[in-house]
Every structure is written in structure tokens, then in C-alpha cells.
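# Descriptive structure summary
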Amino acid sequence: MVFRKLPGVSASGMGLRLSQKFVFLLFLSGLVTLCFGALFFLPDSVRLKRIFLSKTETQPVTVGSENDARVHLKRPKDQGMTSSLSRKQSVSHEATEERLAGGRAQEEFTLPRSRAESASDKGTSLDHGANSDTVTYKKFRRCLLKPPLGRDNGKPSDPKTDERREKVKEMMKFAWDNYKHYAWGKNELRPLTRNGHIGNMFGGLRGASIIDSLDTLYIMGLKEEYNDAKEWVQTSLDLNSNGEASLFEVNIRYVGGLLSAYYLTGEELFKNKAVELGEKLLPAFNTPTGIPRGVINLGSGTSWSWGWASAGSSILAEFGTLHLEFVHLTQLSGSPIYTEKVMNIRKLLNKIEKPHGLYPNFLSPVSGNWVQHHVSIGGLGDSFYEYLIKSYLMSDKTDDDAKKMYYGALEAIEANLVQKSPGGLTYLAEWRGGILDHKMGHLACFSGGMIGIGADDGAPDKRQHYLDLAAEITHTCHESYTRTATKLGPEAFRFDGGAEATATRLSDRYYILRPEVIESYMYMWRLTHDPKYREWGWEAVEALEEHCRVESGFSGIRDVYTMTVSHDNMQQSFFLSETLKYLYLLFSDDDLLPLEDWVFNTEAHPLPVIRNSCLQEEATQDKTVSE
Ligand code: DMJ
């Protein structure tokens, strides 16, 4: 810098004044820094702090101990509801925090409120009637590239494959008939005791197996059965229940199932029910950040966090698995509120600081900060990643934020979690604050399919690599099946203490008719047409028939490593919606629900790709014709 000499001031005098000014400025800037630094020590509730510091900086990220997390590895649906005592505690704790936070965080993360939302606050309900933006069924059908059921309902030309497909259809009919006979209207069939199971995941809603089966029955051409299911929805699906439901489960099974049924059949009944139910889920989002809580009373709208989730946190795989269904609810209702709610979640997750680029499983709906650093591609994390890539695909590849977040997350997963066992098997370990747990859950096996469907849109130099990674993970998951006596895979398998894709704990040896491994076979078949995937799928059919089929339905088993099986007496609804559907698709031609047009939600309910430009063109044409 050049100092020009001022008139009447000697060089040394000017130097003195300058250094006085310099000292003064130094003092001033020190004072400002101190004041700003002091903001870090203020309690979170102080407004100044929230104004000056971004959300990710307001709290230390790690709260609670790693041991807490270890207790709660299973997904909520497998654990069932916890005691009401612990739940109520977490409600009151959060209520206090919310009052302190004064709603400021919500202002930061929520998009401008929609007309519909303001209306619903005033007690009026959302407008479900068709408006000019509503996607009509005809418009939507015209924007598909191919007929949903293909040329001949996906019938394969090869007789052996066709026979296998018919076998899967027979299994579906058997599972359905027994459910209908012994458990009609209940949520699941108990095939040994021949009665129904209601459980406490769906807040008093009934008929989970019916809603989960609608699209499977339809694509398999089981017409009579589909009609019975539809009639039940018409006459008996009562959405005015008043119980405590898992937001995630109701969304993926009920909302997802109804949406798919609508898109496949065009029956307005399914659309109306889906939107009516979607509206009942909205109060769960009334938190300071807009991150929904996990449990909601469908009648009163009160919501709270799972009692077992530390510090009243919400679960990544739960609040991160709403996007596909909610975007479709907006499409069908014409109300932007659903998309706003999930975009708000997206915005927060995009903005928050991520340890090593990873997304931990627990997040506070109050502060918007991570609670514990446990990362998993299995339970508690899984379908969040799935919904990122599927949001991108469902948006007709226009949702660039979802794309960026997905490939960013995948890079972090590769850098931190992907491992090779001494025996050469590729697996996904779990991550606890930087320490690896060399275990892979059955749930994590969906990731073969996920990485496969995302391969083509990755960076050009990564595409083959992603496809190879998908194939390697699917191979490992298949290995976990082949290393058991029953040829069905355990709930979790390990890669330490000499173990290679085997369960080392008694408590991990069960199989509850889960779909994830078969789901990856289906996607890998579609992507590569390598016949081994159909062979592996057939091995699973034979094992299911031998060990899980009982006189009155299908049942999970307690130990996959013993031939004298003990049945758990439960025919899960996802067996009908996912396991059997993916098997059927595996033995069908690719034109049955082509992947160019359809994206499967995490419960295997197909939702169509939204081609906005086409839909708009159709709308303009409709208008011109009517003028
Ligand atoms: C299904 O309900 C869904 O796939 C969910 O995302 C997790 N897994 C179960 C079946 O295992």
C-alpha cells in the first residue's frame, strides 16, 4: 500500500498518528471478535445466537453415548412401540425446548406457507377437488413412455421362466387366500394360530395386508382377489382412527399402497383415500425445524418422538423416506403443502454439516442438529439414501439437489463404509463416530439395487465402477444366504472374528420374510440380464417354500442356520407387497412396470415418473380442445 504525504504533517508525525489509529482499530476488532465469540457460550434459546450463528453451529453435534445407539439398532417397526411412559417423557422434554426455541428454527427451514396450510390452520380442510394444476389420470397416462403392464403383462417367452413366474403367483394367491380366510381386515395373518394380528404401528388403521397387496394382485392379474381388496377399501377402510401410528410405516405402506393402486387402475377411490390420509400426517411436521416426529396420533394430530430414540430425536430413515409419496400427494391434490414439507427436510439436510460427508441416523427435530454419530446403510438410515436417488429419477432427472446429495453421500459411503473381507467379499460396515462395526444387516442388502439403478447417472468415469459395486454387494448378500442351512439369510451378518457373511449372535439368526436381497436380484437382473440373478431368485423361492410355507400361509423363521425350523407365526405385509412382487418381476419381461416410467417406493409400491413438461403440454392441449 502507498501512503501519500498529507500537507503540513511531518513524516514521523504521520507515522505516529497512523500507529495510534492502528492500535485503536486493533482494539476495536478484538472487542468485536470477543463479543461474537461469546455468542457460542450463550444457551441455544437466546435469540441473538440464533440470528448470528447458522443452525449447524448452534450445538455440539454429539449428544448421548454410543451405547445408547447400540441398544436401538433395529428399525421401529421391528421393535414395536415402546412404553407410553418413555414416550410421554420425551414429549414434555421437547415441549420445553420448543418453547425456549420460540419457533425461530422453523422460520429458518420452512418454505413460505401455502394457502392450503393457512386454511388448514384455520380449521378448514385442504382442497382436494381437482383444480387446473391437478394431474388428471388421462394426462398422466399419456405422459408414460410405455404401457404399465407391457405387451402381454410381462409374460416371459421362455417356458421355464414362465413356469417360475406362475409359481410365484401361486405363492401370492396362497398367502392372500389364507389372509382372507383367517385374518380379513386385520393387519397381518398369524399363519400358525390362524388368526389376525393388529399390532400398534398403524395407529388403529386396519387392513395393512390388503393395502400392501393391491398393486401386487393387480399386476399378477389376480382379478377376483384385487376386486375383493378394492371393495374392502371402499366399504371398510376407516381413516378416522384415533391411535398412535408410525409416520414412516403409514406413509410407505398405506399412502404408498393407495397411490400405486390409483396410478395403476385410475380408481378415484384410491386417490381420495391417499390424500385424506396424507392430510392426517401433516401435524407431525409441526416442530421448530419442520423435521417431523416419528409417532403421530392420527385422530388428535399430537406427535412425539420414539421413546427409545435418544434425546427425543427423529430417525433419518423415517423423515428421509417421505419424499416420493408426498410429491405425488401434491400432484394429485393440487396442494403444494406436501412438497413444501419434504423440500424443507431436504433443505435442512443439505445445509447441515455432515461428519466426513456422512448422514448420522438421529437428528433433533427441535435444534436441527445431529444427535449421536452413528451411520448405517441398514436399519435407521437405509431408505433415506434410496429416496435421494429415486427422487431424482422420479423427477424425470430434473431434481438436481437430490442428485448431488445422493452422489455426495455415495462417495462418503465408499470412502468410509465400504470394506473388503479377507475372503474377498465387499460389504458395508456401520460407522460409530469413526469406529467401524464390521456388520451388515439384511436391510442394507437393498443397496445393491440402489447403487445399480443410480449407476448410469453417476460421473461418466464412475458408471462401470458403480455397477460393479452394486454387483459385488448383491453377491455378498447372496453369500449370506448360501452359508445357512435353510438357504435364507440372517437378519445381520458379520465380518470379524473369522466370520464371513455369517451371523455370530443368536439374536441375529432370524429371517422374517424380508425382501431386500431379492429386491437387489430384481434390479441387477433388469440392469445386466445376467441369468445368475434369476437362479438366485429361484433358490430363494425354493427355500421359502421349504421352510416358510406352512399349512395356512407363510411364516418367518427364528434360526436360518438350523433345518428344524421354528416359525415366528407372522406373515408380514411386506412379504406380499415386496418379496413376492420383486420375485414376480424378476421372472417377468422388463416391460412389466418399465423402470423408465416407474420408481418403486421403499415398500415396492410403483409410482410414476413425473414428466412436468409433458403434463403441462397435455394441460395446454386439453384447454385448447375445450375452448
Ligand atoms: C419394508 O417395510 C421396507 O422395505 C422398509 O424400507 C424396510 N424394510 C421393510 C421390509 O424388510
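Residues numbered from 1 in each chain as written. Predicted model: local features only at pLDDT ≥ 70, side-chain atom pairs only at ≥ 80, totals over all residues. Heavy atoms only, no water.

The name given to the protein chain in an unreviewed UniProt entry is alpha-1,2-Mannosidase, with Anabas testudineus as the source organism. The UniProt entry for the protein chain carries the following comment under Sequence similarities (unreviewed entry): "Belongs to the glycosyl hydrolase 47 family." Database annotation for the protein chain, UniProt heading Subcellular location (unreviewed entry): "Endomembrane system". (UniProt positions renumbered as here; feature names shortened; annotations may be inferred.)

## Overview of the UniProt feature "active site" (unreviewed entry) in the protein chain
Sites flagged by UniProt as "active site" (unreviewed entry) map to Glu249, Asp382, Glu491 and Glu516. Mapped onto the fold, glutamate 249 is located in helix α12 (residues 247-265). Given a relative accessible area of 1%, glutamate 249 falls into the buried group. Structurally, the position occupied by glutamate 516 is in helix α21 (residues 516-528). A relative accessible area of 8% means that glutamate 516 is categorised as buried. Leave out the neighbours within four places in its chain, and glutamate 516 touches His442, Leu443, Cys445 and Phe446. (Helix = DSSP H or I, 4+ residues; strand = E, 2+ residues; numbered from the N terminus. Buried < 20%, exposed > 50% of the residue type's maximum accessible area, 1.4 Å probe, protein only. Contact = heavy atoms within 4.5 Å.)

## Notes on the sheet that holds strand β12 (residues 435-437)
Strand pairing in a sheet relies on backbone hydrogen bonds, with the paired strands running either antiparallel or parallel. Across the sheet, 3 strands lie side by side as β8-β11-β12; this open sheet has antiparallel pairing. Each edge of the sheet is formed by a strand with only one pairing partner; in this case those strands are β8 (374-375) and β12. Alignment of β8 against strand β11 (residues 430-432), held across 2 bridges, turns out to be antiparallel. Bridging from a neighbouring strand, valine 375 pairs with tryptophan 431 of β11. (Pairing = 2+ DSSP bridges.)

## Digging into the packing of aromatic side chains
A complete count under the given rule lists 29 aromatic pairs for this structure. Consider the rings of tyrosine 523 and tyrosine 582, whose centres lie 6.3 Å apart with planes at 50°: the pair is tilted. With tyrosine 523 in helix α21 and tyrosine 582 in helix α23 (residues 573-586), this residue pair connects regions lying 59 residues apart in the sequence. For tyrosine 523, a relative accessible area of 2% gives the class buried. A relative accessible area of 0% places tyrosine 582 in the buried class. Arranged with centres 6.1 Å apart and planes meeting at 80°, the rings of tryptophan 538 and phenylalanine 587 form a pair that is edge-to-face. Of this pair, tryptophan 538 sits in helix α22 (residues 532-548) while phenylalanine 587 is found in the loop between α23 and β17 (598-600), placing the two residues 49 residues apart along the sequence. Taking relative accessible area as the criterion, tryptophan 538 reaches 17% and is therefore assigned buried. Classification of phenylalanine 587 by relative accessible area gives buried; the value is 1%. (Phe/Tyr/Trp six-rings, centres within 6.5 Å; stacked < 30°, edge-to-face > 60°.)

## A closer look at the side chain of glutamate 430
As for its placement among the helices and strands, glutamate 430 is situated in strand β11. A polar contact is formed between the side chain of glutamate 430 and the side chain of serine 376, at a distance of 3.2 Å. (Polar contact = N/O pair within 3.5 Å; in protein donor to acceptor, adjacent residues only side chain to side chain.)

## Considerations on α21
With 13 residues, α21 should reach 18 Å at 1.5 Å per residue; the first-to-last C-alpha distance of 18 Å fits that figure. Along α21, 11 of the 13 residues are buried, which leaves the element largely enclosed by surrounding structure. Among the residues making up α21, those that are buried are Glu516, Val517, Ile518, Glu519, Ser520, Tyr521, Met522, Tyr523, Met524, Trp525 and Arg526. Where the residues of α21 are buried, they touch α17 (382-394), α19 (447-454), α20 (463-482), α22, α23 and β17. (Expected span 1.5 Å × (residues − 1).)

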